[in-house]
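# Observations on chain architecture
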Amino acid sequence: MFGQSCYERREVAAAQSSCVLGAMGRRGAPQGCSGPQTELLAAGGNEEGVVLSPPGEPPLYWADLRGLLQRELSPQRLNARVRRASEGPHPPGSAQAQALAQWVLAELGACGLDRAWTDSHYVGLPRPHRLHPNMLLRLDPWGGILEQLPLEDPEAYCPYSAPGNGTGRLVYAHYGRPEDLAALRTAGADLYGHLVLVRVGEISFAEKVANAEAVGARGVLIYPDPADIPQDPPNLGLPPDTAVYGHVHLGSGDPYSPGFPSFNQTQFPPLRSSGLPRIPAQPISAATAARLLRTLTGPEAPRGWWGRLPAVPYHLGLGDPGVRVRLDVHNVKVTTLISNVFGCLQGRLEPDHYVIVGAQRDSLGPGAARAGVGTAVLLELTQALAAMVRHGFQLRRSLLFVSWDAGDFGSVGSTEWLEGYFSVLHLKAVAYISLDNAVLGDDKFIARTSPLLVSLIESIIKQVDSPSRSSQSIYEQVTASGRHWDSEVIRPLPMESSAYAFTAFGGVPAVEFSFVEDARPYPFLSTRADTYARLEAALGGRLPAVAEAVAEVVGHLLIRLSHDRILPLDYSCYGDVLLQHLAPLGRHEAQLQARGLTLGWLYSARGDLARAGEQLRRDILGSDEGNERLTRGFNLRIMRVEFSFLSPYVAPTETPFRHVLYGRGPHTLPALVAALARLPPAGTPAAPMDRDGDSDRELRRRLALLTWTLQAAANALAGNLWDMGSGF
C-alpha cells in the first residue's frame, strides 16, 4: 500500500489544470465543424474553473468537456459490442480470432482516426494435443490403474505446463502459497516427490506451480473450491464439472524469446524463460477434486484450509502410501500468428508522446468478462474521443488505442510489443491503462496501479457517478463506510495483469480498473462458461451501465493525460513510497553494522529523490507557460520517473521485471528486506557460508546496486543526469 501523505499531497501545477481541460479550438476545420482554426492554449483555470479561451470563443468549463464525453458514450452500443466480442471461443491463431481482429480494425478505421493498423508476428503458444489428451489417473501401490479421473473439457488446460508425467502421492496444500507450504513442512508433510492439490485464488497459477516446484513437488492440480468460487448453477454459480484455466509461466510474453520481441519471424537462439515450470500442471473441476480429497488420509487440514465441497473431509494426505496419482500432460508448442490492432489520434504539441489504452481481445472461451467488455470499452472510447476531436477538442499528446492478442497466455501480445520498443519507452510512453477484467460486478471499485497515478485517480472518481448508486460519485460510494478511499480502492499491480509488464518491465506507469462484487465474486472468469448471457445475468441487467462507468473513468484519465500542459503524474510520490519500503530495514541496523555496512547511503538517495521532486515542482511553478521547449523538458523528466526505477544491473533476458520496488528478483528492495530478515542477530557466530565472505559480499553488492539505482532516479528527476555527487 502506498503512503497516505502521497495521496493527500496535491501539486499546485496539477491543481491548476484539474478543474478545467483545454481550449476546444478547431483542429484544421474537420468535417462537421465550422469556425476558424485556432491554437491550443495551455490549461490554466482560474478559481471559477474557467479556461481562458481564444478571442471569439466562449469560456469553457470542465463540466462542458465532461458532458461532451458523456454524450458521446452509448450504453446500447457498448452492450452490442460486448455481445460481438464474446460470441464464442476465439483463441489466438483461430479463424474466429482472425475474424474478430478484422472487425476491431474495421471499427477503429470507422472512427476517423489519424491511423489504424495491424501488427502481426509469430510466437510459440502451447495447445492441447489433438490425439493425446491430458490424463489424470489413480494408481494402486504397484502402479496399476485403478481409475481414470475425468478431465471434463480437453480445452481447459494450463498453458506452458511442462510436458510429461508426474507420479506420486497426493498432498492438499490449500492455495499453494509459501506460507501454506511452510505450514505443511511444520506438520511433517514433505512435498518432495509428490503431487500437490491446490485451490484457485490468492495467487496466480504460475506462482502456485513455481512454489510447488521449489519444494520438489512432481506436479500440481488446481481446482475451484466453492468457498472461493460460487458453484450453485441455479443461482449463477460455476458448474461443479467446470475447470478454471490459467497459464503457468512465471512471467509475461513469449517465454521462448525472453527479453526480446518475436517480430518478423526472427530466428531466435535456443532460449527459454527462467519462469517456465519443469513440472506438469493441470486444472481440474471441483467434482474431480472432491473425488481425490475423499481418498486422502493423514492429518486433518487446519480449520482455515477447509473448503465447502459437499461431504468432503479435508485431510493433508500422505497417510496411505497406497493412494497415488499420475498426471500426464501432452500439450505441444504451436507456432501461431498473433495480431495486435492499433489506432492513433495524434497530438498537436507533443505528438511523439503517447498515452496508451489497451484491452485483451483473445480468449480460450467466450471471454465476455475477460476480454469482451474491455474490447467494447476500448472501441467506445476510441469512437467517443475521436468525435470530441472532430468537434474541436485538441490533444496535446497522442492517444494510442490497442487491441492485444494472446492475453490468455500471459499478455504475450502486449509484452512482445513492449520488448520491441523497450529502448524508447521512457521517451515515448506517458502511461498505460488496461481495460481487462473491467466489469466483474458493480458494487466495489478497484484500481491496481503505479503510485504515480494515484492522486489523479482520486480526483477523477470524485467526478464520475457510481453505476450502482446514482446519487453518489464513485468516491462517495467507496468512502461511505468511513474508511479512507485508498484503502478501499488502491491495490498493487498483480503479475497476471497486462499492466504489470508495462510498469515492472517497461518502466511505464500503468493502471487496471475493475468493478467487482464484494460478497459474491463473478464465478465464470477464465472458464468456457464466461458468456455474455451469464455476465449480463450476474449483473442483473446492469452490464451496459457499469461498462459506461468504466468508460467514463478511463475517458477522464485519457483526457487529463493527453491534454494537461504538465503531466498530472505525482512525481513526488515515490519519496513517501520509498520511506514505507525502507522502514523495515531499520530493524536490521545492528546486523548490518556488525558486517561493516550502513543504510545511510540508501536513505540519502531517498532524500535526494524527495528533494528533486520538490525542486521540479518549484521549477514548474516559476516557469513561463508559453515556453514549449521548457514544458517538454519538464514532461520528459516526469516520464522518466518510473523508468528510472528499473535496475540497470540485471539483464532483461534473465530478469525481465527489473523495477526495484515492484519487480521480481534479488535486485528488488523487498528481496533485500527478506535477505536482511534471514541474517542472524548481531553477535551470533557467522554461519559457515558467511566465514568466507561470500554472503557478506553479495549483500554488500545488492545494497550498493540498489542505492545506485535510487540515486540515478533522483538525478534523473532533478535533471542532473551527469552529477552523481561527490559522496559516492
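Going by the annotation in an unreviewed UniProt entry, the name recorded for the chain is Transferrin receptor protein 1, with Alligator mississippiensis given as the source organism.

All right, on to the overall build of the chain then. Scanning the chain from terminus to terminus reveals 24 helices and 18 strands. Within the chain, the fraction of its 728 residues that count as buried is 59%. Sequence separation of at least 24 residues holds for 79% of the intrachain contacts in the chain that already meet a minimum separation of 6. When the accessible area of the chain is evaluated, it comes to approximately 27700 Å², of which 52% is carbon and sulfur surface.

A word on the packing of helix H4 (residues 75-85) against helix H5 (residues 95-109). Contact pair H4 / H5: the axes reach a minimum separation of 11 Å and the direction vectors enclose 155°. With respect to H5, the element H4 is oriented roughly antiparallel. Here H4 contributes Arg81, Arg84 and Ala85 to the contact with H5, which in turn contributes Ala99, Leu100, Trp103 and Glu107.

Our next topic: the layout of surface pockets. Put simply, the largest pocket is a space of about 1600 Å³. Around the largest pocket, the lining is made up of 47 residues, and of these Gly201, Glu202, Ile203, Glu496 and Leu525 lie nearest the centre. Of all the elements in the fold, those that place two or more residues in the lining of the largest pocket are helix H7 (205-214), strand S16 (444-449) and strand S18 (510-516). Put simply, the second largest pocket is a space of about 720 Å³.

Next up on the list: the packing of aromatic side chains. Enumeration according to the criterion identifies 20 aromatic pairs in this entry. When the centroid spacing of 6.5 Å and the interplanar angle of 55° are considered together, the rings of Trp404 and Tyr432 count as tilted. Here the residue Trp404 occupies a position in strand S13 (residues 397-404), and Tyr432 occupies one in strand S14 (residues 429-434), the gap between them amounting to 28 residues. Residue Tyr432 is classed as buried on the basis of its relative accessible area, which comes to 0%. Here the aromatic residues Trp117, Phe342, Trp404, Trp417, Tyr421, Tyr432 and Phe502 are joined through ring pairs into a cluster of three or more. Above the face of the Trp103 ring, Arg84 is positioned so that its terminal group lies 5.1 Å from the ring centre.

Moving on to the pairing of strand S10 (residues 324-329). Both strand S4 (residues 135-139) and S10 contribute to a ladder of 5 bridges, which runs antiparallel. Following the sheet pairing, Leu137 is matched in S10 by Arg326.

Moving on, we come to the nonpolar core. Core analysis: the largest hydrophobic core is formed by 181 residues, its most contacted members being Ile433, Phe513, Leu558, Leu561 and Phe645. For this core, the leading source of residues is helix H9 (residues 368-390), giving 13 residues. Ignoring sequence-local partners within four residues, the contact set of Leu558 consists of Val355, Val357, Leu381, Leu385, Leu399, Phe401 and Ile433.

Looking now at the side chain of Asn635. Structurally, the position occupied by Asn635 is in helix H21 (residues 628-643). When its relative accessible area of 0% is taken as the criterion, Asn635 is described as buried. Setting aside residues no more than four positions away along its own chain, Asn635 makes contact with Glu350, Arg396, Arg397, Arg565, Ile566 and Leu567.

Bringing unusual backbone geometry into the picture now. Of note in this structure, Tyr160 is not a glycine but carries a positive phi near 80°. Here Tyr160 shows up in the loop between strand S5 (145-149) and strand S6 (164-172). The backbone phi angle of Ala311 is positive, close to 55°, even though this residue is not glycine. Given a relative accessible area of 69%, Ala311 falls into the exposed group.

With that settled, the discussion passes to the pattern of salt bridges. According to the stated counting rule, one finds 34 salt bridges in the structure shown. Across the pair Asp228 and Arg199 runs a salt bridge whose closest N-O atoms are separated by 3.0 Å. Placement of the pair is Asp228 in the loop between strand S8 (219-223) and strand S9 (281-283) and Arg199 in strand S7 (residues 195-199), with a sequence separation of 29 residues. Overall, the relative accessible area of 2% leaves Arg199 in the buried class.

Direction vectors running N to C along H4 and helix H17 (residues 543-563) enclose 105°, while the axes themselves pass 9 Å from each other. What the angle tells us is that H4 and H17 run roughly perpendicular. Side by side, H4 and H17 meet where Pro75, Leu78, Asn79 and Val82 of the first sit next to Leu543, Pro544, Ala547 and Glu548 of the second.

Moving on: the confidence of the model for the chain. Mean pLDDT over the chain stands at 86; residues scoring 70 or higher make up 87%. Confidence over residues 724-728 falls short of pLDDT 50; this stretch has 9 contacts with residues more than four positions distant or in other chains.

Strand order across the open sheet formed by 7 strands is S5-S4-S10-S6-S7-S8-S9, with mixed pairing between neighbours. The sheet is open, and its two edges are formed by S5 and S9, each paired on a single side. The sheet shows a mean angle of 30° between the axes of neighbouring strands, taken without regard to direction. Note that S6 and S10 share 6 bridges and pair antiparallel. Bridge pairing in S10 places Gly166 opposite Leu327. Taken strand by strand, H7 contacts S7, S8 and S9, and its axis lies near 145° from that of S8.

With that out of the way, let us pick up the environment of Val329. Along the chain, the position of Val329 falls in strand S10. Placed 49 residues apart in sequence, Val329 and Pro280 show a C-alpha to C-alpha distance of 6.3 Å. Setting aside chain neighbours within four positions, we find Val329 in contact with Asn134, Ser161, Ala162, Pro163, Gly164, Pro280 and Ala281.

So, on to the side chain of Asp436. Within the element layout of this structure, Asp436 appears in the loop between S14 and strand S15 (439-440). We note that Asp436 is buried and unpaired, the nearest opposite charge coming from Arg370 at a distance of 6.5 Å. For Asp436, the side chain forms a polar contact with the main-chain nitrogen of Gln360, separated by 2.6 Å. If we skip the residues at most four places from it in the chain, Asp436 touches Ala359, Gln360, Arg370, Ser498, Glu512, Phe513 and Ser514.

Let's shift gears to helix H20 (residues 600-621). Under the 1.5 Å per step criterion, the end-to-end length of H20 is 32 Å for 22 residues, consistent within 8% with the ideal 32 Å. Along H20, the positions that sit buried rather than exposed are Leu602, Ala605, Arg606, Gly607, Leu609, Ala612, Gly613, Leu616 and Ile620.

What follows covers the environment of Gln96. With respect to the secondary-structure elements, Gln96 resides in helix H5. Among the residues examined, Gln96 registers a relative accessible area of 47% and is labelled partly exposed. Separated by 266 residues in sequence, Gln96 and Asp362 place their C-alpha atoms 9.4 Å apart. Setting aside anything within four residues of it in sequence, one finds Gln96 in contact with Pro89 and His90.

Quick look at the pairing of S8 now. Sheet faces and side chains relate simply in a regular strand, where the side chains alternate between the two faces. Within S8, 5 of the 5 residues are buried, which leaves it mostly tucked inside the rest of the structure. Neither face of S8 is left uncovered, since the one carrying Gly219, Leu221 and Tyr223 and the one carrying Val220 and Ile222 both have all their residues buried. Where S7 meets S8, 5 bridges bridge the pair, whose relative direction is parallel. Bridging from a neighbouring strand, Val198 pairs with Ile222 of S8. Here S8 runs beside S9; their pairing, made up of 3 bridges, is parallel. Following the sheet pairing, Val220 is matched in S9 by Ala281.

Parameters at a glance
Residues numbered from 1 in each chain as written. Predicted model: local features only at pLDDT ≥ 70, side-chain atom pairs only at ≥ 80, totals over all residues. Heavy atoms only, no water. Helix = DSSP H or I, 4+ residues; strand = E, 2+ residues; numbered from the N terminus. Buried < 20%, exposed > 50% of the residue type's maximum accessible area, 1.4 Å probe, protein only. Contact = heavy atoms within 4.5 Å. Areas by Shrake-Rupley, 256 points an atom, 1.4 Å probe, with all protein chains shown as cover. Axes fitted to C-alpha atoms, helices over the stretch in contact; angles between N-to-C directions. Parallel < 35°, antiparallel > 145°, perpendicular 65-115°, else oblique. 1 Å grid on protein atoms, 1.4 Å probe; cavity = no way out; pocket = protein on both sides within 12 Å on 5 of 7 lines; lining within 4 Å. Points joined across faces, edges and corners; volume = space filled by probe spheres on them. Phe/Tyr/Trp six-rings, centres within 6.5 Å; stacked < 30°, edge-to-face > 60°. Lys NZ or Arg CZ within 6 Å of the ring centre and 35° of its normal. Pairing = 2+ DSSP bridges. Core = buried A, V, L, I, M, F, W, Y, C linked by side-chain atoms within 4.5 Å. Salt bridge = Lys/Arg side-chain N within 4 Å of Asp/Glu carboxyl O. pLDDT = per-residue confidence, 0-100. Lys, Arg positive; Asp, Glu negative; His and termini not counted. Polar contact = N/O pair within 3.5 Å; in protein donor to acceptor, adjacent residues only side chain to side chain. Expected span 1.5 Å × (residues − 1).

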